[in-house]
Amino acid sequence: VLGEYDLRVPSSLAMAHTPPWRVLARAEAVAGINVLGYFSYDSGLRTAALHTIRAAEQVGLAVSARDVPVDVRVINEGGLPRALGLECHPVSLLHLVPGESTQHAYERAGLWRRPGVYRIGLWYWELEEGEPAWRRQADFLDEIWCPSTFIADCVRRVMRVPVMTMRPGIEA
């Protein structure tokens, strides 16, 4: 899927301090990824999302990160300060709990769900069986990436969208 896009980002692209409407206009010309995750909540999912961002940046991708707030009051230590990026790139990676309503995640993040964006759920799960309620998310996701074949096999039994095993980024 990502191979359909030219993911190289010109070094001259500087989006810091740029008005949002100009960011969206530039994003149409330059591919990158959007990453939605629990950046203000200290968890393994936040760590995985941060590793995804670091890996993308190391290969020259532009990244727009957006925090999806959780219901727990926490201090944002070690997360992304002000993760308020827009969904301005053609691909979004959603580091969310499996089955979390994608629509509600966008609402909690205060983010408009832009049409025409290819959305990939990155799901971590520890049990052998998935939840039938996850099927409702199939209309909101184009595919799902899982960090292991164990998780991918579990998710495949429940979901009707393509499920891929995609190893997570690690810190060297």
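Structure shown above.
For the structure given in this document, a descriptive report is provided here. What you see is a predicted model; the values in this text were computed from it and never measured.

1. Quick look at the packing of aromatic side chains
Then step 1. Enumeration according to the criterion identifies 2 aromatic pairs in this entry.
Then step 2. Aromatic pair Trp 123 and Trp 134: ring centres 5.2 Å apart, planes at 70°, arrangement edge-to-face. Placement of the pair is Trp 123 in the loop between β4 (118–122) and β5 (143–146) and Trp 134 in the loop between β4 and β5, with a sequence separation of 11 residues. Assigned by exposure class, Trp 123 and Trp 134 land together as buried.
Then step 3. Ring centres of Trp 125 and Trp 134 lie 4.8 Å apart, and the angle between their planes is 85°; on these two criteria the pair is classed as edge-to-face.
Then step 4. What makes Trp 134 buried here is its relative accessible area of 3%.
Then step 5. In textbook terms, an aromatic cluster arises when at least three aromatic residues are bridged by ring pairs, as seen for Trp 123, Trp 125 and Trp 134.

2. A closer look at helix α4 (residues 149–156)
Then step 1. For α4, the full list of buried residues reads Ile 151, Ala 152, Cys 154 and Val 155. In an axial view of α4, the angular spread of the buried residues amounts to 160°, which keeps them on one side of the axis.
Then step 2. Next to the buried residues of α4 lie β5 and β6 (163–165).

3. Here we look at the pairing of β5
Then step 1. Here β5 shows two buried faces, one formed by Glu 143 and Trp 145 and the other by Ile 144 and Cys 146.
Then step 2. Examined bridge by bridge, β4 and β5 share 3 bridges and lie parallel to one another. Across the sheet, the residue bridging to Leu 122 is Trp 145, located in β5.
Then step 3. In this structure, β5 lies alongside β6, joined through 3 bridges in parallel fashion. Across the sheet, Ile 144 pairs through a bridge with Val 163, a residue of β6.
Then step 4. Once the chain exits β5 it traverses α4 before rejoining the sheet at β6, and the crossover so formed is right-handed.

4. Some remarks on helix α3 (residues 102–109)
Then step 1. Buried within α3 are the following residues: Thr 102, Ala 105, Tyr 106 and Ala 109. Buried residues along α3 cover an arc of 100° about the axis, so they all sit on one side.
Then step 2. Each element contacted by the buried residues of α3 is listed here: β1 (32–37), β2 (62–67), β3 (91–95) and β4.
Then step 3. A positive phi of about 65° marks Gly 110, the residue just after α3.

5. Things to note about the pattern of salt bridges
Then step 1. Under the counting rule described, the total for this entry stands at 4 salt bridges.
Then step 2. A salt bridge links Arg 46 to Asp 42, with the nearest nitrogen and oxygen atoms 3.0 Å apart.
Then step 3. Its relative accessible area of 4% is what places Arg 46 among the buried residues.
Then step 4. Taking relative accessible area as the criterion, Asp 42 reaches 57% and is therefore assigned exposed.

6. Thoughts on the nonpolar core
Then step 1. Core analysis: the largest hydrophobic core is formed by 16 residues, its most contacted members being Ile 33, Val 35, Phe 39, Val 91, Leu 93 and Ile 120.
Then step 2. Mapped by element, the contributors of at least two residues to this core are β1, α2 (44–58), β3 and β4.
Then step 3. Per-element tally for this core: the top contributor is α2, with 4 residues.
Then step 4. When near neighbours in sequence (up to four residues on either side) are disregarded, Val 35 contacts Ala 49, Ile 53, Val 63, Ser 64, Ala 65, Arg 66, Leu 93 and His 95.

About the criteria used
Residues numbered from 1 in each chain as written. Predicted model: local features only at pLDDT ≥ 70, side-chain atom pairs only at ≥ 80, totals over all residues. Heavy atoms only, no water. Phe/Tyr/Trp six-rings, centres within 6.5 Å; stacked < 30°, edge-to-face > 60°. Helix = DSSP H or I, 4+ residues; strand = E, 2+ residues; numbered from the N terminus. Buried < 20%, exposed > 50% of the residue type's maximum accessible area, 1.4 Å probe, protein only. Arc of directions from axis to C-beta. Contact = heavy atoms within 4.5 Å. Pairing = 2+ DSSP bridges. Right-handed = clockwise from strand over helix to strand, strands pointing away. Salt bridge = Lys/Arg side-chain N within 4 Å of Asp/Glu carboxyl O. Core = buried A, V, L, I, M, F, W, Y, C linked by side-chain atoms within 4.5 Å.

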